[in-house]
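Architecture and fold: a report
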Amino acid sequence: MAVNRATIVDEQFTRTIAAMPAAPRREDLDAPARFGAHCSGRQALAAFESMVQSRHLDLAARELKARDQGYYTIGSSGHECNAAVAAALRPTDPAFLHYRSGAFFAQRASQVPGQTALLDVLLGIVAAKDEPIAGGRHKVFGSLALQIPPQTSTIASHLPKAVGAAFAIPRAKHLGLSLPVPRDSIVVCSFGDASSNHASASSAFNAAALADYQRLPCPILFVCEDNGIGISTRTPGGWIEARFRPNPGLKYFQADGLDLVDSLDVATQAVEYCRSTRRPVFLHLRLVRLLGHAGSDVEQLYRSPEEIEAAEARDPVLAAARFLVREGWLAPAEVLELYEETRARCLALCDEVATRAKLTSAEEVMAPLAPYEPLAVAAQAQRLPPDAEARKTFHGRLPEEEKPRHMALLINRALGDALLTFPELILFGEDVARKGGVYHVTADLAKKAGVGHVFNTPLDETSILGVAQGAGHMGMLPMPEIQYLAYLHNAVDQLRGEAGSLRFFSQGQFQNPMVVRIAGLAYQKGFGGHFHNDNGIAAIREIPGVILACPAHGRDAVGMLRTCLGAARAHGAVCVFLEPIALYMTKDLYEDKDGRWSFNYPAPGWSLPLSEVETWTPWVEDPEWAGDAPPAPVDGGDLTILSYANGLWMSLRVARRLAAEGLRCRVVDLRWLKPLPAEALLREVAATGRCLVVDECREHSGVADELLSLVARRLPGTAVGRVVARDTYIPLGGAANLVLVQEPEIEAAARALAAAPRTSSPALPSPAGA
């Protein structure tokens, strides 16, 4: 029969305490907990109670698993002295916690009236839908009342956003913005010794230290809970101290995480230093891990019985109880009474939570993922900047009073308006400030808005997106720039695993709104190679709930950018705004000097809704171009071309040439690549009964397959075709054109499709079941 280590640890506690003699009673609870200690007996007793609660939560999780009623057994046993960290902090200090934080959670809950920590955690373990933070979607430590955003089995990926929050608190204070926490708050972030090796952790440590080196306040408390092992991989003895004690920019503190009083004293010193200096701190807690990595972990496969028993002999809950008895703060009987009462409470709660309702439909599961109320978004998107400030910023001549311009300049003007409209907006990234970005899209914005609002960052996309998340947590409206699409892949988990999942795992109680601007796609002339001409967007489109916008020209760019800002502000949406580099400076469409890709700047108060497409009918004689919206489309046509960005520009040119031969191509700009504007584009396909998708992205990383699948399901019998880029990296120079979509390919595909029979019934069916 397998040895139950949880039972052994549990029985060891009760047997050892029962055998202890009582010491003379101490009554002065505010006296030092022991000679030379800074913490009081009262503080030690409170932390001990939280430690006991954490231990019994671990035991209860295994009981629920044994009953086949629980789904999570990663516990906090051995880490219970993190209650001391919570005790040293204020309950309003934002806490980004890893999954062994049961005692921290219990301790913080004890500091805020009306909390039910034991119930909340057990509801999470059984995936009950009335669990207050994630609603049955995951077992997490999280609470809005406790300023604990939920983290989900994170392996250091939460560190960058914790640094971002620490950076944002003093930045918001400097800018005169309101905060959801007191202005002297600090941020705490906990993680294990194994996680400290992760690239995301390195980004966070570097960003915090670099901020400190530049004398920028960054009040973050890194708490490394060092138990010496990551699942089964050992951390070399002494490595954490050797790595972090000499680290410039991180003030190092070390505590014995098996000694409650030492943990309380050192944690208090670390917190006071961080709060008073506003500088980063690294608190190293030396701990043990008990009961394996999780309930399913068979420790005996990689640890000897002697090693397991030695760890169990160092049990911090037992050590704290023995200390409290020896010092006279508690009698053995009182310890055991607390221990057994807590057990009974947890077991009673196990019976209760097992009866609670679970999520029962896909709609319930997905409800918090991506709410979208068009009127609420439009209200934010169409806000007006103060007229007097706008005229001052734009030197007396508003952007809407200028002549038609190319996309790069119109985006620049839209960003300038946005900085005036949203005082909480911050714009940042590599080279965005004084240089104005590689393509000068952010030129002069730092001068106009100030370096508090527009600033450069280190060359680290993980930290850039971490700052965005943390600033969003603190009520700001972040607009990070990723310099090139290919660079996003260095850090995409910050969007996928962190920013994109926050609403889902907090039921919208926590939000990290952002609009991530990314220069991308291909077709740059005379400049290129893969990293500057990436044409793969699958890594963005697969993120649940994200909005992906991709404008083809400047007028749309302004309207779509405003909608992204509106969605971020109204719903905390995570938006990616993909800017086609090759179209930044494009002014002409059909002929040189025709100016048909230059547009007037649309005045504030106008935006482009998420569900709209733009339709062009190039066989109709164009009126004289004035830089406003394209001519209104007419009905009919021989085929519909669905495209976006560079593909749209090329498709329009092809359509104009074919129109001279009598072939009428209805060209549709998708604009929104996630979610796709399905109903609008299907209407355009139904108008002709033929559909050609022109997708400039490589074959397995674009939208073509989803579009054709949608048309096949909703408009069966429609003649379809596609033109896509080759599934390869993009080479340098003219060779790039060998693998990218070109106009002759589009023209050939359009001719072939036009010769195919059109659908027999182009009527648009109901979306039910689509």
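Quick note: structure is the one above.
Residues numbered from 1 in each chain as written. Predicted model: local features only at pLDDT ≥ 70, side-chain atom pairs only at ≥ 80, totals over all residues. Heavy atoms only, no water.

Digging into the overall build of the chain
The cut-off we apply is this: Helix and strand assignments follow DSSP, with helices taken as H or I runs no shorter than four residues and strands as E runs no shorter than two, numbered in order from the N terminus. Using C-alpha atoms as the atom set, the radius of gyration is obtained and then compared with a globule rule of 2.2 Å times the number of residues to the power 0.38. Classification of residues uses two cut-offs on accessible area relative to the type maximum, computed with a 1.4 Å probe and protein chains only: under 20% is buried, over 50% is exposed, and between them is partly exposed. Note on definitions: a residue-residue contact is assigned when non-hydrogen atoms from the two residues lie within 4.5 Å. Accessible surface is estimated by sampling points in the Shrake-Rupley manner with a 1.4 Å probe; for residues, cover comes only from the protein chains shown. Counted as positive: Lys and Arg. Counted as negative: Asp and Glu. His and the chain ends are not counted at all. By convention, the charge on Lys lies at NZ, on Arg at CZ, on Asp at CG and on Glu at CD.
The secondary structure content of the chain amounts to 27 helices and 19 strands. In terms of C-alpha radius of gyration, the chain reaches 30 Å, essentially the compact-globule figure of 27 Å for 770 residues. The principal-axis extents of the C-alpha atoms in the chain amount to approximately 100 × 60 × 45 Å. For the chain, buried positions account for 61% of its 770 residues. Long-range pairs, those at least 24 residues apart, make up 80% of the contacts in the chain between residues at least 6 apart in sequence. Accessible surface, the chain as shown: approximately 29,100 Å² in total, 54% of it carbon and sulfur. Across the chain, the centroid of the 76 positively charged side chains sits 3 Å from that of the 86 negatively charged ones.

Details of the packing of aromatic side chains
We apply this condition: Here the aromatic set is Phe, Tyr and Trp, taking the six-membered ring for Trp, and pairing holds for ring centres within 6.5 Å; pairs whose planes are under 30 degrees apart are stacked, those over 60 apart are edge-to-face, and all others are tilted. Note on criteria: charge over ring means Lys NZ or Arg CZ within 6 Å of the ring centre, with the direction from the centre no more than 35 degrees off the ring normal.
Here the structure, examined in full by the defined rule, presents 20 aromatic pairs. Measuring from centroid to centroid gives 5.7 Å for F167 and F455, while their planes differ by 50°, and the two rings are tilted. Of this pair, F167 sits in helix α6 (residues 159-175) while F455 sits in strand β9 (residues 454-456), placing them 288 residues apart in sequence. You can call F167 buried: its relative accessible area is 13%. For F455, a relative accessible area of 9% corresponds to the buried category. Ring geometry for W597 and F599: centres 6.0 Å apart, planes at 75°, overall edge-to-face. Of the two residues, W597 and F599, neither departs from the other in class, the shared state being buried. Grouped by ring-pair contacts, the aromatic residues F191, F205, F222, F244, Y252 and F282 constitute a single cluster. Seen from the ring of Y590, R656 lies directly overhead, with NZ or CZ sitting 4.0 Å from the centre.

Some details on the nonpolar core
For the record, the criterion: Residues belong to a common nonpolar core when they are buried Ala, Val, Leu, Ile, Met, Phe, Trp, Tyr or Cys residues joined through side-chain atoms within 4.5 Å.
In this structure, F222, F282, L495 and W597 are the most contacted members of the largest nonpolar core, which totals 167 residues. Here this core takes 9 residues from α6, the largest share from any one element. Contacts of F282, omitting those with residues within four sequence positions, involve F191, F205, F222, C224, I240, F244, L250, K251, Y252 and F253. Grouped together as the second largest cluster of nonpolar side chains are 45 residues, L89, L119, L349 and C350 included.

Regarding the pattern of salt bridges
Applied cut-off: The salt bridge criterion pairs a side-chain nitrogen of Lys or Arg with a carboxyl oxygen of Asp or Glu, the two atoms within 4 Å.
Tallied over the entire structure, the rule returns 49 salt bridges. For the salt bridge of R42 with D30, the shortest nitrogen-to-oxygen distance reads 3.0 Å. A residue pair is termed long-range when its members are at least 10 positions apart, and R42 in helix α2 (residues 41-66) and D30 in the loop between α1 (5-18) and α2 qualify at 12 residues. Classification of D30 as exposed rests on a relative accessible area of 54%. A salt bridge links R234 to E307; its shortest N-O distance comes to 2.6 Å. Here the residue R234 occupies a position in strand β5 (residues 233-234), and E307 occupies one in helix α10 (residues 305-313), the gap between them amounting to 73 residues. Several salt bridges converge on common partners, so that one network encompasses R234, R289, D297, E299, R303 and E307.

Topic: unusual backbone geometry
Cis rather than trans, the peptide bond between K674 and P675 has omega equal to -10°. Tracing the sequence through the fold places P675 in the loop between β17 (672-674) and α25 (678-686). At L521, a residue that is not glycine, the phi angle is positive and equals roughly 70°. In this structure, L521 sits in the loop between β11 (514-520) and α22 (538-541).

Here's the deal with the pairing of β11
The buried fraction of β11 amounts to 7 of the 7 residues, a majority that puts the element mostly inside the structure. The alternating pattern of β11 places M514, V516, I518 and G520 and V515, R517 and A519 on opposite faces, both of which are buried.

Quick look at the environment of P94
In this fold, P94 is placed in the loop between α3 (82-88) and β1 (95-96). Once the C-alpha coordinates of P94 and V126 are considered, the two residues, 32 residues apart in sequence, prove to be 26 Å apart. If we ignore the near neighbours within four places in the chain, the residues touching P94 are Q147, V181, S185, I186, V187, V188 and M474.

Focus on helix α4 (residues 102-110)
The buried fraction of α4 is high, at 8 of 9 residues. Within α4, burial applies to G102, A103, F104, F105, A106, Q107, R108 and A109. Residues of α4 that are buried in the fold lie against α2, α3, β1, α5 (117-125) and β2 (187-192).

Describing the pairing of strand β13 (residues 574-580)
Spelled out, the test is: For two strands to be treated as a pair, DSSP must find no fewer than two bridges joining them. Seen with the strands pointing away from the viewer, any crossover whose path from the first strand over the helix to the second strand runs clockwise is right-handed.
Burial runs high along β13: 7 of the 7 residues are buried. Direction of pairing for β11 relative to β13: parallel, over a ladder of 7 bridges. Each residue of the ladder has a partner; that of R517, found in β13, is F577. As paired elements, strand β12 (residues 547-549) and β13 share 3 bridges and run parallel to each other. Across the sheet, the residue bridging to L548 is V576, located in β13. Between β12 and its parallel partner β13, the chain crosses via helix α23 (residues 554-571), and the hand of that crossover is right-handed.

Topic: a positive patch on the surface
Counted only if it meets this: Any residue with relative accessible area above 30% and no salt bridge may belong to a patch, with like charges joined within 9 Å and the nonpolar Val, Leu, Ile, Met, Phe, Trp and Tyr side chains within 5 Å.
Positive charge collects at one region of the surface, where R397, K403, K587 and K593 lie side by side. By the element assignment, K403 lies in the loop between α15 (387-393) and α16 (407-421). By relative accessible area, K403 is classed as exposed at 54%.

Describing the packing of α1 against α2
Spelled out, the test is: Convention adopted: a line fitted to C-alpha atoms gives each axis, helices being fitted over their contacting stretch, and angles between N-to-C directions are expressed from 0 to 180 degrees. Handedness of a helix crossing follows the sense of rotation of the near helix relative to the far helix, less than a right angle counterclockwise being left-handed and clockwise being right-handed. Three categories are distinguished: nonpolar for Ala, Val, Leu, Ile, Met, Phe, Trp, Tyr, Cys and Pro, charged for Asp, Glu, Lys and Arg, and polar for the others, with Gly belonging to the last.
Here α1 crosses α2 at 145°, and the two axes come no closer than 11 Å. For the pair α1 and α2, the crossing hand works out as left-handed. The segment α1 lies against α2, with A6, V9, D10 and F13 engaging F48, R55, L59 and R62. Considering only residue class, the contact of α1 with α2 consists of 5 nonpolar, no polar and 3 charged.

With respect to the sheet that holds β1
Taken in spatial order, the 5 strands line up as β1-β2-β3-β7-β6 in an open sheet, and their pairing is parallel. Whereas interior strands pair on both sides, the edge strands pair on one side only; in this sheet they are β1 and β6 (251-256). Bridging between β6 and strand β7 (residues 281-286) involves 6 bridges; their strand directions are parallel. Considered in β7, the bridge of K251 is made with V281.

A word on the packing of α5 against helix α12 (residues 332-353)
The cut-off we apply is this: With respect to orientation, any angle under 35 degrees is reported as roughly parallel, any angle over 145 as roughly antiparallel, any angle of 65 to 115 as roughly perpendicular, and every other angle as oblique.
One can describe the packing of α5 onto α12 by two numbers: an axis separation of 10 Å at closest approach and a directional angle of 45°. Between α5 and α12, the interaxial angle falls into the category oblique. Of the two possible hands of crossing, α5 and α12 adopt the one that is right-handed. Facing L118, L119, L122 and L123 of α5, the residues of α12 in contact are R345, C346, L349, C350, E352 and V353. Split into classes, the residues belonging to the contact of α5 with α12 amount to 8 nonpolar, no polar and 2 charged.

Some thoughts on the side chain of D417
Looking at where D417 falls in the secondary structure, it is placed in helix α16. Among buried Asp, Glu, Lys and Arg side chains, D417 stands out as unpaired, with R562 the closest opposite charge at 4.1 Å.

Fair warning: the whole summary comes from geometry, so function is off the table for now.
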